[in-house]
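So the chains spell out like this:
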Amino acid sequence: MARPRFLLPDLVARKQQTPATPRRFDRLSAVPGNKSRFVIAIMLFIGVYAVIGARLVTWGTVPNERITAFRAADQIMASRPDLVDRNGQVLATDIKVASLFAEPKKIVDANEASELLLSVLPDLEPKWLYDNLSSDAGFLWLRRELTPSQQQAILDLGVPGIGFRTEKKRFYPGGPTAGFVTGHVNVDNQGIAGMEKYLDDQGYLALQNSGLAIDAEMEPVALSIDLRVQHILRDELAAAMTRYRSIAAGGVVLDVKTGEVIAMTSLPDYDPNDPKQALEKDRMNRTSAGLFEMGSTFKAFTSAMALDSGEANLQSRFDASKPIYIGGHRISDFHGKHRVLTLEEVFIYSSNIGSAKEAEIVGIQGHQDFLTRMGLLTKLPTELPEVATPTQPKEWKQVNSITISYGHGVSTTPLQTAVAAAALVNGGVWIPPTFMPRGEDDAMVLAKQVVSPKTSADMRHLFRLNVEDQRGSGNYAEIDGYGVGGKTGTANKVENGRYSNTKKFNAFLSAFPMDDPRYVVLVFIDEPKPEPGKYYATAGMNAAPTVGNVIRRAAALLKVKPDLGPTGETLLVSY
Amino acid sequence: MSESGSKIVKVSDWWRGLDHWLVGAFLMLLVGGAVLSFAASPPVAERIGLQPFHFVERHLFFLIPSALVLFATSLLTPRGVRRAAIIILAASLVLMVLTLFIGSEIKGARRWLDFGLMNIQPSEFMKPAFVVVCAFFFAENARRTEIPGNLCALVLLLITVALLVAQPDLGQTMLVAATWGGLFFMAGMPWLWIAVLAAIGLVGAFFAYEVFDHVASRIDRFFTGEGDNYQTDTAREAILNGGWLGQGPGEGTVKRLLPDSHTDFAFAVIAEEFGIITCMILALLFAFIVMRGLSVALAQRDPFVRLSISGLVFVFGLQSIINMAVNLQLLPAKGMTLPFISYGGSSMIAISISAGFVLALTRRRPENRSYTDRLMERTALVHGV
């Protein structure tokens, strides 16, 4: 070997240099052959740190749960179009309110937080609040739609882990006035009743869910309602309910030429700003969703049917001298004249016997066909979701035809009765009702001729006669100059399967002005009691004057000019 | 200049000899820990009714002694390191015994000694000293049979473990035992012994699981995911809330719910405020220190130096790994501070001693590269030992 030759002197020198430290030689030479151990250790450490890095990457790509929570809340922010009446008065609008939420995971001291919140919102259930705040939920609504002062008070508390989201709240400035027409929305601003629901069903909801409607200014949606007339109707119905101590009342004002509903309500009603009221018993919309045996108002249809059949005219005679006995039932008249009556007299005396005889002319099938044509036996097609389907006998027999002729045995909604009545007075065309503005031309496209114009003219005569003539039952509805005409109906309500003698459903079906009718006004009063000092509670005593009051107050607003005769006398009364 | 002459070197030589990569990494951690303490510490201070910046101030205050200790220990020669380690170890063990009798009990464990101004946790100081002394024993064992190095190391381990279990401090026990095992492994012991020791370690772990209820429940909760995982779940929430870039300094919200946000769960708070990327940099820094330490150790001639460096970076690496893994739900919850980042005076100074030792031992010394040494190696090659 060549190398040792050079190394040897150094080695010698080294040995001489360090005699005192022989250990060094040993130590340095004892290099363990453990490089592999280092490699293993380094690999292990790299592996573990790689796992940690991988975990960090995984967690970095976890979709942030909070972002999804915010996205869901943004949808709530979506606005709805305002609802306005036919004159542009606001019926429903969006206002911005703050809603309180909690992120329980982030609440440090649930006990303190719930105590502080209870000081501002004392009606929160303490146990519920504490349990939820101490849970580890990520998001929780505590209270939707706070007032600004509540929001400020909560801000002042400085509780961590809670926050506010601005939400749109639906506000109905008129309160309950048009509640049954507008309907209401749920807490997420989705329409769940009335025209609000109709709007959503028309695709507005889909638009909102697709995110297109977020915060965009939307064109207000006009309804056919006239807020002024709506208010008058509701006001008069409320007064009537008090005056006659009834359990309910309702009414509708309908444009006979366009089918537009100008006003419609039912009492007791509810405030759409407080939607839970709507769930209370009795607060349903009886006018469109309530089914009633309309009673004598149906005689208008029976008369029209007889006239339209061509078999009878206004002077046709019907023997009402004797009650009818059929199937163990005795049918007699309330205001019995016990003689032969003309068709006119059958109408104004409201003769049950006479009406039954009128129905006989067309036969059972003809009767059913006529009422079907008048839209009284099928569900009324309209925008409002709350519409009831009428009931009729499964199989029409003679007795059914007889009772239906004077308004028993078929249950309809007051609204569809008014719609059918409009066809009787407007020249004989049935127009589907609408809660949206509609012109006469559009209405005519949808209209169906259901009775002849001649029949319609005769019916106008009969309606007017019933109010104008001293013998008529509708005298109390007379308003000078407005040519009111109408038919009363006092129906005994069914109680426990039998007709009650004390509980009545009263209605007055009217139209004005009778020479060229513009509006049908129907008012019903459910279970009225006689006014103090009076013995009867018939429709002529309560429903008719209520209609009169409505027309007296609303006619001018509806731009119906009073016709006070050719003399042009100074009007001394002021309505 | 030879190590036999003095235990301290000249500053210019010192600076030239330092491993500048490691110096840079340690200083980054030291400074980074101070900055990050602004995120992690205020919520805890507020919660326990102190000034918001109480722990931050204390952390910054401890930077001064830490830096001094780091500097001072890095001046030592390997022999100086050994002597210092022996002294520190002896003192720590005595203090740990004392702790059992006069220590202040916090959360059911006696780990701290109250010295008036500050509490001291002797077991923290014990760790680097223990590693160095054990490395010495193992190195002796490899060289000379009259000192039974392995036996001494084993006895030292048993004493230390006994003292730690008595506190009880199972985290430190595990750490010390694992490091000891690491040293044993690195010392080139036969695989059979390693297997035997690993088996003993497993039995010990099982024993801990059986004897200590809180250990068993923690492990059960980790594996089943059932029960109160509040701390780790909140830590996860904080990390997810931070995302890649974090919520920004002071913007963390989940951190307020983390009871130990300034110590064991500082990592999660850093993620929430500074982002996962910052956490990755932090993990990378620790990994770098371990890798650099081990590769520098491998180049060392002296088995004592080589083993000491390995052992010291093991402690460093294991501590950081356990802490991060617990924060990331990779391991059952175990209290373990993140070196230089977590708050804790004893921990910081002890870590500085560790780091100083590492710097001192990795310093390029004359005997590692002198002509003489190279000759010695060749001689060994030629003549055998």
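Residues numbered from 1 in each chain as written. Chains lettered and ligands numbered in written order. Predicted model: local features only at pLDDT ≥ 70, side-chain atom pairs only at ≥ 80, totals over all residues. Heavy atoms only, no water.

Bringing the overall build of chain A into the picture now. Helix and strand counts for chain A come out as 19 helices and 18 strands. Every one of the 575 residues in chain A was classed for burial, and the buried ones make up 52%. Residue pairs at least 24 apart in sequence account for 70% of intrachain contacts in chain A once pairs closer than 6 positions are excluded. For chain A, the computed accessible surface area is about 25,700 Å², with 54% contributed by carbon and sulfur atoms. (Helix = DSSP H or I, 4+ residues; strand = E, 2+ residues; numbered from the N terminus. Buried < 20%, exposed > 50% of the residue type's maximum accessible area, 1.4 Å probe, protein only. Contact = heavy atoms within 4.5 Å. Areas by Shrake-Rupley, 256 points an atom, 1.4 Å probe, with all protein chains shown as cover.)

All names here are of chain B. Using the residue numbers shown here, the UniProt feature "transmembrane region" (unreviewed entry) corresponds to residues 20-39, 60-78, 84-104, 147-166, 178-209, 265-291, 303-328 and 340-361. Taken as a whole, residues 60-78 contains 84% helix and 0% strand, while its terminal C-alpha atoms sit 30 Å from one another. In this annotation, residues 303-328 is assigned 96% helix and 0% strand; the end-to-end C-alpha distance for the span is 36 Å. (UniProt positions renumbered as here; feature names shortened; annotations may be inferred.)

Here the focus is the pairing of strand β16 (residues 485-495) of chain A. Residues and elements named next belong to chain A. In terms of strand pairing, β16 meets strand β17 (residues 498-512) through 10 bridges, oriented antiparallel. When the sheet's bridge partners are listed, Ala491 is paired in β17 with Phe505. Between β16 and the antiparallel strand that follows it, β17, lie two residues; Asn496 among them carries a positive phi value of about 55°. (Pairing = 2+ DSSP bridges.)

Now for the pattern of salt bridges. Residues and elements named next belong to chain A. With the rule as written, the count across this model stands at 30 salt bridges over all chains. Between Arg234 and Asp269 there is a salt bridge, and its shortest N-O distance comes to 2.5 Å. Of this pair, Arg234 sits in helix α10 (residues 227-244) while Asp269 sits in the loop between β7 (261-267) and α11 (286-289), placing them 35 residues apart in sequence. Residue classification places Arg234 among the partly exposed residues on the basis of a relative accessible area of 24%. With relative accessibility at 7%, the residue Asp269 sits in the buried group. As a salt-bridge pair, Asp274 and Lys276 come within 3.2 Å of each other at their nearest N and O atoms. Look at Asp274 and you get partly exposed, because its relative accessible area is 27%. You can call Lys276 exposed: its relative accessible area is 60%. Counted as one network, the salt bridges with shared partners bring together Arg80, Asp94, Arg170, Glu196 and Asp200. (Salt bridge = Lys/Arg side-chain N within 4 Å of Asp/Glu carboxyl O.)

Here the focus is the packing of helix α5 (residues 110-120) of chain A against helix α6 (residues 126-133) of chain A. In a packed pair of helices, the relevant descriptors are the angle between the two axes and the axis-to-axis distance. Residue and element names in this part refer to chain A. Put simply, α5 and α6 touch, their axes get as near as 9 Å, and they point 140° apart. Here α6 runs oblique to α5, going by the angle between their axes. Handedness of the crossing formed by α5 with α6: right-handed. Note on element contacts: α6 touches α5 through Pro126, Leu129, Tyr130 and Leu133, opposite Ala110, Asn111, Ala113, Ser114, Leu117 and Leu118. Its residues assigned to classes, the contact of α5 with α6 shows eight nonpolar, two polar and no charged. (Axes fitted to C-alpha atoms, helices over the stretch in contact; angles between N-to-C directions. Parallel < 35°, antiparallel > 145°, perpendicular 65-115°, else oblique. Left-handed = near helix turned anticlockwise from the far one by under 90°. Nonpolar A, V, L, I, M, F, W, Y, C, P; charged D, E, K, R; others polar.)

With 33 residues, helix α12 (residues 266-298) of chain B should cover 48 Å at 1.5 Å per step; its first-to-last C-alpha distance of 33 Å lies more than 12% under that length. Considering bend angle alone, the principal kink of α12(B) is centred on Phe274(B) and spans about 125°. (Expected span 1.5 Å × (residues − 1). Bend = angle between axes of the 7 residues up to and from the residue.)

This part takes up the sheet that holds β17(A). Hydrogen bonds along the backbone pair up the strands of a sheet, which may run parallel or antiparallel. Residues and elements named next belong to chain A. Across the sheet, five strands lie side by side as β7-β6-β18-β17-β16; this open sheet has antiparallel pairing. At either margin of the open sheet sits one strand with a lone partner, and together these are β7 and β16. Strand-to-strand twist across the sheet, computed as the mean angle between neighbouring axes with direction ignored, equals 15°. Across six bridges, strand β6 (residues 248-255) lies against β7 in antiparallel orientation. The residue bridging Ala249 from the neighbouring strand is Leu267, located in β7. The strands touched by α10 are β6, β7 and β18 (519-526); relative to β7, the strand with the most contacts, the crossing angle is about 30°.

Time to look at the environment of Pro42(B). Residue and element names in this part refer to chain B. Turning to its location among the elements, Pro42 is positioned in helix α3 (residues 42-47). Separated by 13 residues in sequence, Pro42 and Phe55 have C-alpha atoms that sit 6.9 Å apart. Pro42 has contacts with Ser37, Pro52, Phe53 and Val56, leaving out every residue within four places of it along the chain.

A volume near 1,800 Å³ is recorded for the largest pocket. Surrounding the largest pocket, 47 residues form its lining, Met174(B), Leu175(B), Ala177(B), Ala178(B) and Gly201(B) being those nearest its centre. When contributions to the lining of the largest pocket are tallied by element, the ones reaching two or more residues are α3 (35-60) of chain A together with α7 (149-166), α8 (170-186), α9 (191-211), α10 (213-224) and α13 (303-327) of chain B. Class assignment of the residues belonging to the lining of the largest pocket gives a composition of 39 nonpolar, six polar and two charged. (1 Å grid on protein atoms, 1.4 Å probe; cavity = no way out; pocket = protein on both sides within 12 Å on 5 of 7 lines; lining within 4 Å. Points joined across faces, edges and corners; volume = space filled by probe spheres on them.)

What follows covers the environment of Glu273(B). Residue and element names in this part refer to chain B. Counting through the fold element by element, Glu273 comes out in helix α12. Distance in space between the C-alpha atoms of Glu273 and Ala238 is 8.7 Å, their sequence separation being 35 residues. With residues near it in sequence (within four places) discarded, Glu273 still touches Ala39, Leu245, Gly246, Gln247, Gly248, Pro249, Gly250, Glu251, Gly252 and Lys255.

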